[in-house]
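# Per-entry structural report
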Amino acid sequence: MKTTRSRLWMCFALATSLLIGAPALADCETVKGRIVSTVVAAYSDGTPCPSPILLCTEGRFSGDLAGTFRFSASALTFYNTIDPNSPPDIAASTGVITLETNELCKGTLTFADTATFSGGPDGYVVAIETIAEASGSCADASGRIRLQGVFQGGCVDCKYVGEVCGVGDDDDDDDDDDGDDDDDD
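Attention now goes to the environment of Ile97. Residue placement: Ile97 occurs in strand β4 (residues 90–101). With 15 residues separating them in the primary sequence, Ile97 and Ala112 have C-alpha atoms 6.6 Å apart. If we skip the residues at most four places from it in the chain, Ile97 touches Phe61, Phe69, Arg70, Phe71, Leu109, Thr110, Phe111, Asp113 and Glu129.

Our next topic: the side chain of Ser93. One can find Ser93 in strand β4. Beyond its immediate stretch of four places on either side in the chain, Ser93 contacts Ala75, Leu76, Asp113, Thr114, Ala115 and Phe117.

Taken in spatial order, the eight strands line up as β1-β2-β3-β4-β5-β6-β7-β8 and close into a barrel, and their pairing is antiparallel. Across the sheet, the axes of successive neighbouring strands diverge by a mean angle of 25°, strand direction being ignored.

Before going further, it helps to spend a moment on unusual backbone geometry. One non-glycine residue with positive phi stands out, namely Leu54, at about 55°. Checked against the element boundaries, Leu54 lands in the loop between β1 (28–40) and β2 (56–63).

On to the confidence of the model for the protein chain. Summing up the model confidence of the protein chain, the mean pLDDT is 82 and the portion of residues at 70 or higher is 76%. Per-element confidence in the protein chain ranges from a low mean pLDDT of 43 for helix α1 (residues 2–21) to a high of 97 for β2. Note on residues 1–25: pLDDT under 50 across the span, and 37 contacts to partners over four residues away in sequence or across chains. Confidence over residues 170–185 falls short of pLDDT 50; this stretch has eight contacts with residues more than four positions distant or in other chains.

Moving on, we get to the pairing of β1. The pairing of β1 with strand β8 (residues 155–165) spans eight bridges and is classified as antiparallel. Bridge pairing in β8 places Glu29 opposite Val164. Across eight bridges, the pairing between β1 and β2 is antiparallel. Paired with Val36 across the two strands is Arg60, which belongs to β2.

This next bit is on the environment of Leu76. The residue Leu76 is located in strand β3 (residues 67–79) in this model. Each C-alpha atom of the pair Leu76 and Ala115 lies 9.4 Å from the other, and the pair is 39 residues apart in sequence. When near neighbours in sequence (up to four residues on either side) are disregarded, Leu76 contacts Ile53, Ala91, Ala92, Ser93 and Phe117.

The rules behind these values
Residues numbered from 1 in each chain as written. Predicted model: local features only at pLDDT ≥ 70, side-chain atom pairs only at ≥ 80, totals over all residues. Heavy atoms only, no water. Helix = DSSP H or I, 4+ residues; strand = E, 2+ residues; numbered from the N terminus. Contact = heavy atoms within 4.5 Å. Pairing = 2+ DSSP bridges. Axes fitted to C-alpha atoms, helices over the stretch in contact; angles between N-to-C directions. pLDDT = per-residue confidence, 0-100.

Put into C-alpha cells, the structure is as follows:
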C-alpha cells in the first residue's frame, strides 16, 4: 500500500507545489481541521444524489471551517499504475463540495474538488479544494484547502489544511458597550 500512497502523492505533487509556491494573499487565515463523511444515494433531507455518476457524500467539517457539507462528483476515472492486467488501483474524481459554515464566516463556501484515491482496502485519498463561490458573510472568500486521509465509503479519518482569504473574525460581535471583551459587568 505504501507504493500506492507514493503514487497518490506524486499525482498531487505538481498541484501541491503550485499551492506552496503561490504568493501569499492579503487577509488570509490558515485553516485546519477534520472531515467525516458517508457515501449516500440521497442526502439526509431526501434530495437525491445529483451526480451524473451517482457518487455523493455528506458529512461534517470540524475545526476552523466547522459545518455540514455535501459533495457531488461530476467525473470519475480509474487508473492502473501497478499492473496493466489487474484491476485499477487508483481513481481520480472531480466534483463540488458545498459547505455551510458558521466558523470563520457564516454562509456557504462552494469548493471545486479534484481528488485522487487508492482502490486498496485502506482507501487513501488526497484532494485539492478551491473556493469557487461563496455567500453570506463568506461572500468575499477565496482560497484553497488540501485534504487527505482514509476513504472507505466516505472520509472516515480525513484532515484538511489550507487558507481562506477575504474573511476575518468580526470581533465587534462579542464586545460590550465599554469596548472590552468580558461579559462580567
